[in-house]
Amino acid sequence: MKKTVKTTKVNSAKVKPNFTGQHLLHNPKTVKRMLELARLKKSDTVLEIGAGKGVLTFPLAEQAGKVIAVEVDESFSKLLRSKVADKACSNISIKQADIRTFRLPATPFTVVANIPYSITTPILEKLLGAEGRSMHRAVLMVEKGAAKRFTQAATMDTRLLMWKMFFIFKLESVIPRTHFAPPPSVDSAILSIKRRDSAYIPAQEARRFVAFATYVLSVPQLSVALALKGIFTAPQLKKVLLDAGLHREQTVQEIELEQYGTLFNAMLKHVPAFRWPK
């Protein structure tokens, strides 16, 4: 999460956040938990978003081969560079930048970060989209409510549904607000995101899947047979429901992730493009 009160005393222990939405993590047990979940090796490159005063940055550098610490605030960036020089940490690279415009690494990387809560969605869009194709896993501190939404079994959010075709989301731990300074108004949670070994749909078809899911979910209480009859012919529908393990009377909101993949891939393979949802 990120910063609220501006200060120019970079070297003071009283340095406070100055970017709306950030709350600096300070609890060592929570830092340790995030590192354990990241399972880093010396060959790993880690991207840290919102490095703050470096409470995660330096422990990450002890375990990973390279740490790219992105921090938008000039005061914190200067403080971090000073600490890096003092500690002679040659594997830490400090980048003063807004993560929303920062170019992600083209080679494999892991993200470990206490992200700015106010821009959680733009960050996920970046990491889980085409630009983040080299990211294989992430351990993120987010709002507890956001973590619960991302990990609930069923979702009507077609963008999140699309992300779940490629990634596994898990709420790992709930973190009390007292583990931050200044404390946020809500509890937080550690959210892990892991790229699936085998995606449910082709990567190049992500946007088309969103159109498909939007069409199917337009009336969540509808039966799958009725929801899909505008896409598949009757014989196709009978076969695809069997392949997906779905009954005609089941509602759309009961469709599971892998079943979505089966339905969508069947559409791509067997249905003429003019019948695909736009």
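Along each chain, the written sequence defines residue order, and numbers are assigned to residues from 1. In keeping with the model being predicted, local features are shown solely for residues with a pLDDT of at least 70 and side-chain atom pairs are shown and tallied solely at 80 or more, while totals for entire chains, interfaces and linings include all residues. To get the side-chain values, all heavy atoms of the structure are used, and hydrogens and water are removed first.

## What to know about the pairing of strand E6 (residues 135-143)
In terms of burial, E6 is largely enclosed, as seven of its nine residues are buried. One requirement defines pairing of two strands: DSSP has to find at least two bridges between them. In DSSP terms, a helix is any run of H or I states spanning at least four residues, a strand is any run of E spanning at least two, and both are numbered starting from the N terminus. In this sheet, E6 lies alongside strand E5 (residues 109-114) in parallel orientation, the contact comprising six bridges. Counterpart to valine 112 in the pairing with E6 is valine 139. For a crossover, the right-handed case is the one in which the path from the first strand over the helix to the second runs clockwise, viewed with the strands pointing away from the viewer. The β-α-β motif built from E5, the intervening helix H4 (residues 120-128) and the parallel element E6 has right-handed crossover chirality. Pairing of E6 with strand E9 (residues 188-195), which is carried by seven bridges, proceeds in the antiparallel orientation. When the sheet's bridge partners are listed, arginine 137 is paired in E9 with lysine 194. Think of it in three bands: residues with accessible area under 20% of the maximum for their type are buried, residues over 50% are exposed, and the middle band is partly exposed, with areas taken using a 1.4 Å probe on protein chains only.

## Brief notes about the packing of aromatic side chains
Any two of the Phe, Tyr and Trp rings considered here, Trp counted by its six-membered ring, make a pair once their centres fall within 6.5 Å; the pair's planes then place it as stacked at under 30 degrees, edge-to-face at over 60, or tilted in between. Tallied over the full model, the rule gives five aromatic pairs. An angle of 75° between the planes, with centres 6.2 Å apart, marks the rings of phenylalanine 209 and tyrosine 260 as edge-to-face. With phenylalanine 209 in helix H7 (residues 206-216) and tyrosine 260 in helix H10 (residues 257-270), this residue pair connects regions lying 51 residues apart in the sequence. Per residue, the accessibility class of phenylalanine 209 equals that of tyrosine 260, and both read buried. In this structure phenylalanine 209 comes out as buried when scored by relative accessible area, which is 0%.

## Section: helix H3 (residues 74-87)
Taking 1.5 Å per residue, 14 residues should reach 20 Å; H3 reaches 20 Å between its end C-alpha atoms and fits that length. Of all the residues in H3, the buried ones are Ser75, Phe76, Ser77, Leu79, Leu80 and Val84. Should any heavy atoms of two residues lie within 4.5 Å, those residues are considered in contact. Where the residues of H3 are buried, they touch strand E1 (24-25), helix H2 (57-63), strand E3 (66-71) and strand E4 (92-96). Polar contacts here mean pairs of N or O atoms no more than 3.5 Å apart (in protein, one a potential hydrogen donor and the other a potential acceptor; neighbouring residues in sequence count only if both atoms are side-chain atoms). The N-cap residue of H3 is aspartate 73: its side-chain oxygen and the backbone nitrogen of serine 75 are 3.1 Å apart. Expected helix span is given by 1.5 Å per residue-to-residue step, counting one fewer step than there are residues.

## Looking at the nonpolar core
Side-chain atoms within 4.5 Å link the members of a nonpolar core, which is a set of buried Ala, Val, Leu, Ile, Met, Phe, Trp, Tyr and Cys residues. Among the nonpolar cores identified, the biggest contains 61 residues, and Leu47, Val111, Phe209, Phe212, Leu228 and Tyr260 are the most heavily contacted of them. When sequence neighbours within four positions are dropped, the list of residues in contact with valine 111 reads Leu47, Ile49, Leu127, Met135, Arg137, Ala138, Val139 and Leu140. Counting 28 residues, the second largest nonpolar core, distinct from the first, contains Leu25, Leu80, Cys89 and Val139.

## Some points on the pairing of E5
For E5, the tally of buried residues reaches six of six residues, placing the bulk of the element in the interior. Neither face of E5 is left uncovered, since the one carrying Phe109, Val111 and Ala113 and the one carrying Thr110, Val112 and Asn114 both have all their residues buried. Looking at chain direction, strand E2 (residues 45-49) and E5 are connected through two bridges and run parallel. Across the sheet, residue valine 46 finds its bridge partner in E5, namely threonine 110.

## Observations regarding unusual backbone geometry
At the junction of alanine 181 and proline 182, the peptide bond is cis and its omega measures out at -10° in the coordinates. Of note, proline 182 is situated in the loop between strand E8 (180-181) and E9. Of note, the phi angle at arginine 39 is positive, near 50°, even though the residue is not glycine. Tracing the chain through its elements places arginine 39 in the loop between helix H1 (28-38) and E2. In this structure, alanine 88 is a non-glycine residue whose phi angle is positive, near 55°. Structurally, alanine 88 is set in the loop between H3 and E4.

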